[in-house]
Amino acid sequence: MKIQILISKSSWANEYKSYIKFRLKKYTNTIKFFDKHKNLKKNYDINIIFSYFKIIPKKFLSFSKTNLIPHESKLPEGKGMSPLTWQILEKKDKVFFSLIEADPKIDNGVVYFKKKIKIKKDLLFNEIKKIQLIENLKLLEKFIKYYYKNKKIPIGKKQTGKSSLYRKRIPSDSKLDINQSIKSQFNLLRVSDNKNYPAFFKIYKKKYIIKISKK
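This write-up is about the structure you can find in this document. These numbers were taken from a predicted model, which means no experiment stands behind them.

Within the chain, the regular secondary structure consists of 5 helices and 10 strands. For 215 residues, the compact-globule formula gives about 17 Å, and the C-alpha radius of gyration of the chain, at 18 Å, lands near that figure. Buried positions account for 47% of the 215 residues belonging to the chain. Taking the intrachain contacts of the chain between residues at least 6 apart in sequence as the baseline, contacts between residues at least 24 apart amount to 64%. Just so you have it, the chain exposes about 13000 Å², and 52% of that area is on carbon and sulfur atoms. Of the charged side chains in the chain, 53 are positive and 17 negative, and the gap between their average positions amounts to 3 Å.

Next up, the structure:
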């Protein structure tokens, strides 16, 4: 079995490449990471689109027998970018994690597996991302074990129901309102990436950065 994995250069998931490889190496000796879909190789069994921010043309999806996307929502609700972050901001503490087949349309493919996960209200960005990593890997391993044992792709279920789409988050989405309480904006603080997209506020024509950590 040959596996290739797409992770964008700017993604948080790059810090966990070694761990991802450690979890999957029991199934294969061939695991390749790429940060551009144009670099994908032909004749691979599985392509994992783990945290990739571009739409992949059908041509490149054909390079692998199956193209898997872990996605944190109860599809077809919550398609698009940063679904876990958006749902935390919506004050949801239970979120569906889904494993789907890639499709030319955004997050439109069949669903192979899904599970509901509780996200504790005191977790910060790095803790949330670790849960995201581990739970997505569980779904991926479930798929890979099936493929490894049966030499075929499991049957997925077509998405049904009302569809919704989350937009891509931008740096200004981390802006705090100086007229609102910390408590009312705690979810925004805890999903903010201290390194790349820290929370901030503006006053007296100046911008001030806020970074949050636990003691």
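The next subject is the nonpolar core. Within the largest apolar cluster, 33 residues are counted, with the highest numbers of intra-cluster contacts made by Ile-5, Ile-20, Ile-46, Ile-48, Phe-50 and Phe-143. The element best represented in this core is helix H4 (residues 125-150), accounting for 8 residues. Contacts of Ile-20, omitting those with residues within four sequence positions, involve Ile-5, Ile-7, Phe-33, Phe-50, Leu-133 and Leu-137. The next biggest cluster of nonpolar side chains, apart from the first, holds 14 residues, and it includes Leu-40, Ile-56, Phe-63 and Ile-69.

This paragraph deals with the environment of Tyr-204. Relative to the assigned elements, Tyr-204 resides in the loop between strand S9 (199-203) and strand S10 (206-210). Since its relative accessible area comes to 73%, Tyr-204 is described here as exposed. Put simply, Tyr-204 and Lys-17 are 187 residues apart on the chain and 42 Å apart in space, counted from C-alpha to C-alpha.

Under the definition given, this model contains 8 aromatic pairs. Centre to centre, the rings of Trp-86 and Tyr-166 are 6.1 Å apart; their planes meet at 10°, and the pair counts as stacked. With Trp-86 in helix H3 (residues 83-89) and Tyr-166 in strand S8 (residues 165-166), the pair connects residues that are 80 residues apart, well separated along the chain. Given the relative accessible area of 14%, Tyr-166 is considered buried.

Now for the pairing of strand S3 (residues 44-51). For S3, the buried fraction is high: 8 of the 8 residues fall into the buried class. As judged from the 5 bridges shared by strand S1 (residues 2-7) and S3, these two strands associate in the parallel manner. In the sheet register, Ile-3 faces S3, and the bridge partner there is Ile-46. Strand direction decides the pairing type here: S3 and strand S4 (residues 64-71), joined by 4 bridges, are parallel. Bridged to Tyr-44 within S4 is Ser-64.

Topologically, Ser-62 is positioned in the loop between helix H2 (58-61) and S4. Using a relative accessible area of 54% as the deciding quantity, one classes Ser-62 as exposed. With 20 residues separating them in the primary sequence, Ser-62 and Lys-42 have C-alpha atoms 7.9 Å apart. For Ser-62, the side chain forms a polar contact with the main-chain oxygen of Lys-59, separated by 2.5 Å.

With that settled, the discussion passes to a nonpolar patch on the surface. Together, Tyr-19, Phe-22 and Ile-134 line one region of the surface with nonpolar side chains, adding up to about 270 Å² of accessible area. Along the polypeptide, Ile-134 turns up in helix H4.

Cut-offs and rules
- Along each chain, residues carry numbers from 1 onward, in the same order as the chain's sequence is written.
- Residue-level local features of this predicted model are given only where pLDDT is at least 70; pairs of side-chain atoms are given and counted only at 80 or more, and the full residue set underlies all totals for whole chains, interfaces and linings.
- Processing note: side-chain calculations cover all non-hydrogen atoms of the structure and skip hydrogens and water entirely.
- Each helix is a run of H or I in the DSSP string that is no shorter than four residues. Each strand is a run of E no shorter than two, and both are numbered from the N terminus.
- For a compact globule the rule gives 2.2 Å times the number of residues to the power 0.38, and the radius of gyration it is set against comes from C-alpha atoms.
- The classification of residues rests on relative accessible area computed with a 1.4 Å probe and restricted to protein chains. Under 20% of the type maximum is buried, over 50% is exposed, and intermediate values are partly exposed.
- Any pair of residues with heavy atoms lying within 4.5 Å of one another is described as a contacting pair.
- What sets the accessible areas is the Shrake-Rupley method with a 1.4 Å probe; for residues, cover comes only from the shown protein chains.
- As used throughout, the charge tally considers Lys and Arg to be positive and Asp and Glu to be negative, leaving His and the chain termini uncounted.
- The atoms used to mark charge sites are NZ of Lys, CZ of Arg, CG of Asp and CD of Glu.
- The set of buried Ala, Val, Leu, Ile, Met, Phe, Trp, Tyr and Cys residues whose side-chain atoms join them within 4.5 Å is what this entry labels a nonpolar core.
- In summary, the pairing rule links any two rings of Phe, Tyr or Trp, Trp by its six-membered ring, whose centres are within 6.5 Å, and it sorts them by plane angle into stacked for under 30 degrees, edge-to-face for over 60 and tilted for everything else.
- In this description, strands pair whenever DSSP reports at least two bridges between them.
- In the analysis that follows, any N or O atom pair within 3.5 Å is treated as a polar contact, provided that within protein one partner can donate a hydrogen and the other can accept it, and provided that, for residues neighboring in sequence, both atoms belong to side chains.
- Patch membership requires over 30% relative accessible area and the absence of a salt bridge. Like charges are linked within 9 Å, and nonpolar side chains (Val, Leu, Ile, Met, Phe, Trp, Tyr) within 5 Å.
- When a carboxyl oxygen of Asp or Glu is within 4 Å of a side-chain nitrogen of Lys or Arg, the pair counts as a salt bridge.

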